[in-house]
Amino acid sequence: MKLAAIDIGSNAVRCQISSVLNQNGHVFFKKVEYVRYAIRFGEDVFNTGYISDVKIEKFIKLLHAFQLLLDVHDVDHYMICATSAMRSSLNAPEIIERVRQQLGMEIQVIEGETEAELINKVIYKYLDERNYLHIDVGGGSTEFNIYVNREKMASQSFEQGSIRHMHNRDSSQLWNSMREWIETNSKKYHPSRAIGTGGNINKIFEIAGKVSGKPIFRKQIEEVAARISAMPMQDRITELLLNPDRADVIIPASEIYLSAMKWAKVESMIVPSVGLKDGMLHSLYERYHPERFVISSIS
């Protein structure tokens, strides 16, 4: 079986195709294709309320390319989810209908709570007996979850993300709301470690030279952020090899991660390098597979 997930984010659109392998009743997802394109819907939507005609045309071409890719890979089932930028865009319904008519592809615009639930499917196995604050920072929204003994106890989505923050499309009231939610729930559930998901924290983890499976400490995140912040944009691209669409949002994103850790009074974070697209693949498997084998890992 082959499954595919297309994640339409505020910064980029991602398409991942994975093979489903069964080893003695344990299921593994093996990535066979991954394409990421920085479409940056958030820049349009958070500033004007609409997705521009130029980006709509590129988006249609991109989805057509993904459609051909799914076809040549003989993908059995796929899912397309759109998040914060599409939720906020005034012309999203017209775009979705055009995609349906021209390509026959269905786009699901999901709420922040659904986004968090999908990600929850793949971070569960990275949790242990500690109490965790999960921080997922996207381009347009941030999701917080608190886990106690691997059980979700509290969850909240905020329309705050790296692109919104970069373009000053947030407010002190929003920051205060996030702080109040984290401080209130941290006093109640006492998280001792964070778990971070999202492309920016993955890149910070990589730049810090951390080893997979080991935590990164708040001080190390601060040091990486300070190093990047001091570099001109061109040096971030040529020396750190950051994509242009990563080089500018990584600092606004780091401010959200660091603020959340500070409010929760946690000093370390694990970074499992999974996200929404992985949760979508997990959900597809649960929906379509006749047996319910244990999903062991997403590689």
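For the structure, check the block above.
This section reports on the structure supplied with the text. Sequence order as written defines residue numbering, which begins from 1 separately in each chain. Since the coordinates come from a predicted model, pLDDT governs what is reported: local features require at least 70, and pairs of side-chain atoms require 80 or more to be given and counted, while whole-chain, interface and lining totals use all residues. To get the side-chain values, all heavy atoms of the structure are used, and hydrogens and water are removed first.

So, unusual backbone geometry
Residues other than glycine predominantly adopt negative phi, and peptide bonds predominantly adopt the trans conformation. Quick note on the threshold: Working definition: helices are DSSP H or I runs of at least four residues, strands are E runs of at least two. Numbering for both runs from the N terminus. Working definition: with a 1.4 Å probe on protein chains only, accessible area under 20% of the residue-type maximum means buried, over 50% means exposed, and in between means partly exposed.
Phi at D74 is positive, roughly 55°, even though this residue is not glycine. Checked against the element boundaries, D74 lands in the loop between helix 2 (53–72) and strand 4 (77–82). Its relative accessible area of 58% is what places D74 among the exposed residues. Although it is not a glycine, K265 adopts a positive phi angle of roughly 60°. Along the polypeptide, K265 turns up in the loop between helix 12 (250–264) and strand 11 (268–270).

Structural notes on the packing of aromatic side chains
The criterion, for reference: The criterion for an aromatic pair is that two Phe, Tyr or Trp rings (for Trp, the six-membered ring) have centres within 6.5 Å, with stacked assigned to planes under 30 degrees apart, edge-to-face to planes over 60 apart and tilted to the rest. In this scheme, Lys NZ or Arg CZ marks a charge over a ring once it lies within 6 Å of the ring centre and within 35 degrees of the ring normal.
Tallying each qualifying case throughout the model produces five aromatic pairs. Taking the centre distance of 5.9 Å and the plane angle of 65° together, the rings of F29 and Y285 count as edge-to-face. Pair noted here: F29 is in strand 3 (residues 26–37) and Y285 is in helix 13 (residues 276–288), with a separation of 256 residues, a long-range link. Of the two residues, F29 and Y285, neither departs from the other in class, the shared state being buried. Ring-pair connections join several aromatic residues into one group, and the members of that group are F144, F158 and W181. The residue whose ring lies beneath K31 is Y34, and the NZ or CZ to ring-centre distance is 5.2 Å.

Quick look at the sheet that holds strand 6 (residues 132–137)
Using the following cut-off: At least two bridges found by DSSP between two strands are what make those strands a pair. Here, two residues are considered to be in contact whenever any of their heavy atoms come within 4.5 Å of each other. Axis lines are fitted through C-alpha atoms, for helices just across the contact stretch, and the angle between N-to-C directions can take any value from 0 to 180 degrees.
Pairing within the open sheet is mixed, and its six strands lie in the order 8-7-6-9-11-10. Of all the strands in the sheet, just strand 8 (151–158) and strand 10 (216–217) have a single pairing partner and so form its edges. As paired elements, strand 10 and strand 11 share two bridges and run antiparallel to each other. Across the sheet, I216 pairs through a bridge with M269, a residue of strand 11. Against the sheet, helix 7 (residues 172–189) contacts strand 6, strand 7 (142–148) and strand 8, and its axis sits at roughly 170° relative to strand 8. Across the sheet, helix 12 touches strand 6, strand 7, strand 9 (193–197) and strand 11, and the angle it forms with strand 6 is around 160°.

Some points on the nonpolar core
We count it as follows: Grouping buried Ala, Val, Leu, Ile, Met, Phe, Trp, Tyr and Cys residues that are joined through side-chain atoms within 4.5 Å yields what is termed a nonpolar core.
Among the nonpolar cores identified, the biggest contains 41 residues, and I135, F144, I182, I221 and M269 are the most heavily contacted of them. Where this core is concerned, the elements lending two or more residues are strand 6, strand 7, strand 8, helix 7, helix 8 (199–207), helix 9 (218–229) and helix 12. If you look at the next biggest cluster of nonpolar residues, it comprises 32 residues, including A4, I17, I80 and M105.

Some details on the pattern of salt bridges
What counts here: We define a salt bridge as a contact between a side-chain nitrogen of Lys or Arg and a carboxyl oxygen of Asp or Glu at a distance within 4 Å.
Counted according to the given criterion, the structure contains 19 salt bridges. Across the pair E117 and K152 runs a salt bridge, and its minimum N-O distance is 3.0 Å. Here E117 is found in helix 5 (residues 112–123), whereas its partner K152 is found in strand 8, with 35 residues between them in sequence. Exposure remark for E117: the relative accessible area of 40% places this residue in the partly exposed category.

Concerning the pairing of strand 3
As judged from the eleven bridges shared by strand 2 (residues 13–23) and strand 3, these two strands associate in the antiparallel manner. Bridge pairing in strand 3 places L21 opposite F28.

As for the pairing of strand 8
As judged from the seven bridges shared by strand 7 and strand 8, these two strands associate in the antiparallel manner. Bridging from a neighbouring strand, N145 pairs with S155 of strand 8.

Brief notes about the side chain of D248
Where we set the bar: Identification of polar contacts relies on pairs of N or O atoms within 3.5 Å, with a donor-acceptor requirement for protein atoms, meaning one able to donate a hydrogen and the other able to accept it, and with residues adjacent in sequence counted only if both atoms are side-chain atoms.
Looking at where D248 falls in the secondary structure, it is placed in the loop between helix 11 (244–247) and helix 12. Polar contacts involving the side chain of D248 include one to the side chain of R40, which spans 2.7 Å. When sequence neighbours within four positions are dropped, the list of residues in contact with D248 reads R40, M166, M233 and R236.

Some remarks on the environment of H282
Within the fold, H282 resides in helix 13. When the C-alpha positions of H282 and A5 are compared, they lie 9.7 Å apart, and in sequence the two are 277 residues distant.

Looking at the packing of helix 2 against helix 4 (residues 92–103)
Inclusion rule: To sort the angles, those under 35 degrees are grouped as roughly parallel, those over 145 as roughly antiparallel, those from 65 to 115 as roughly perpendicular, and the leftovers as oblique. When the near helix sits turned anticlockwise from the far one by under a right angle, the crossing is termed left-handed; a clockwise turn instead gives a right-handed crossing. Each residue is assigned to one of three groups, with Ala, Val, Leu, Ile, Met, Phe, Trp, Tyr, Cys and Pro labelled nonpolar, Asp, Glu, Lys and Arg labelled charged, and all others, Gly among them, labelled polar.
Viewed as axis vectors pointing N to C, helix 2 and helix 4 meet at an angle of 40°, and their least axial separation amounts to 11 Å. What the angle tells us is that helix 2 and helix 4 run oblique. Once helix 2 is placed against helix 4, the crossing between them reads as right-handed. Listed contacts from helix 4 to I56, E57, F59, I60, L63, H64 and Q67 of helix 2 are I95, R98, V99, Q102 and L103. Residues belonging to the contact of helix 2 with helix 4 are distributed by class as follows: seven nonpolar, three polar and two charged.

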